[in-house]
Amino acid sequence: MSFLKHLFLAFTVLLVASHAVAQQELLKDPEMYEKTHYAKRCSEAKFGAGFIERIDINNDGIPDAVTNSSEIMCDGVRGPDCTAEGCPFNFYLQVKEGGYFMIATAQMYSYDFIKRFGNMVFVLKMHPRYCERDEGAEPCEMTVRVRGTKFLTISKK
């Protein structure tokens, strides 16, 4: 082979290898993944009934998962990662080949998953600062839709 062909082949292998490293590894089950994490972190970890919700968040017909860390009791402390700005919620998409990957983590109080104009959307209840309001004001309500693998903000109020 010529020098240029070797160079091109080496560049292609590097490009493919770097792309593979950048991709997330698929999780078999986000519930077990997170429970294992907290079992290692806490001497005693307990999970409430609302710890995981399996819903189709991106309207593709495949059930996805949302975990709510306020439903974790770690060594007697409820919601160990919760702050005045809320608790972490992790959003996982399931792929048709099997497995899940995380698309977002949001620090918030709660959410509603509702149908609006024929599409399922999240209404995220968040700290007032996310709507450019002072602490102590009404919580921010951000309406978002998941399209593909991205959250798209529809409105804030």
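The rules behind these values
Residues numbered from 1 in each chain as written. Predicted model: local features only at pLDDT ≥ 70, side-chain atom pairs only at ≥ 80, totals over all residues. Heavy atoms only, no water. pLDDT = per-residue confidence, 0-100. Contact = heavy atoms within 4.5 Å. Phe/Tyr/Trp six-rings, centres within 6.5 Å; stacked < 30°, edge-to-face > 60°. Helix = DSSP H or I, 4+ residues; strand = E, 2+ residues; numbered from the N terminus. Buried < 20%, exposed > 50% of the residue type's maximum accessible area, 1.4 Å probe, protein only. Pairing = 2+ DSSP bridges. Axes fitted to C-alpha atoms, helices over the stretch in contact; angles between N-to-C directions.

> Would you take a moment to explain the confidence of the model for the chain for this structure?
In low-pLDDT segments, the atomic positions of the prediction should not be examined closely. Per-residue pLDDT for the chain has a mean of 85; in total, 85% of the residues score no lower than 70. Considering only residues more than four positions removed or in separate chains, one finds that residues 2-22, a stretch of pLDDT under 50, has one contact.

> Whenever I open this one, the packing of aromatic side chains confuses me. Can you help?
Ring pairs (aromatic) are described by centroid distance and by the angle formed between their planes. Within the structure shown, the criterion is met by eight aromatic pairs. Where F89 meets Y111, the ring centres are 5.8 Å apart and the plane angle is 80°; that geometry is what we call edge-to-face. Taken together, the residues span a long stretch of sequence, with F89 in strand β6 (residues 87-94) and Y111 in strand β8 (residues 110-116) at a distance of 22 residues. Neither residue differs from the other here; F89 and Y111 are each classed as buried. Between F91 and F151, the aromatic rings sit 5.1 Å apart at their centres with planes inclined by 75°, giving edge-to-face as the arrangement. Taken together, the residues span a long stretch of sequence, with F91 in strand β6 and F151 in strand β11 (residues 150-156) at a distance of 60 residues.

> How do you make sense of the sheet that holds strand β9 (residues 119-126) when you look at a structure like this?
The strands making up a sheet associate through backbone hydrogen bonding, with each pair oriented either parallel or antiparallel. Pairing is antiparallel across the open sheet formed by four strands, whose spatial order is β8-β9-β10-β11. Lying at the two open borders of the sheet, with one neighbouring strand each, are β8 and β11. Geometrically, the sheet is characterised by an average inter-axis angle of 35° between neighbouring strands, direction not taken into account. Of the pairings in the sheet, the one linking β9 to strand β10 (residues 140-147) comprises five bridges and is antiparallel in character. Pairing of K125 across the sheet is with E141, part of β10.

> In this structure, what is going on with the sheet that holds strand β4 (residues 72-74)? I would like to understand it.
The strand order β1-β4-β5 describes an open sheet built from three strands, whose pairing is antiparallel. The sheet is open, and its two edges are formed by β1 (45-47) and β5 (77-78), each paired on a single side. Where β1 and β4 come together, three bridges link them in antiparallel fashion. Its bridge partner lying in β4, A45 is registered against C74.

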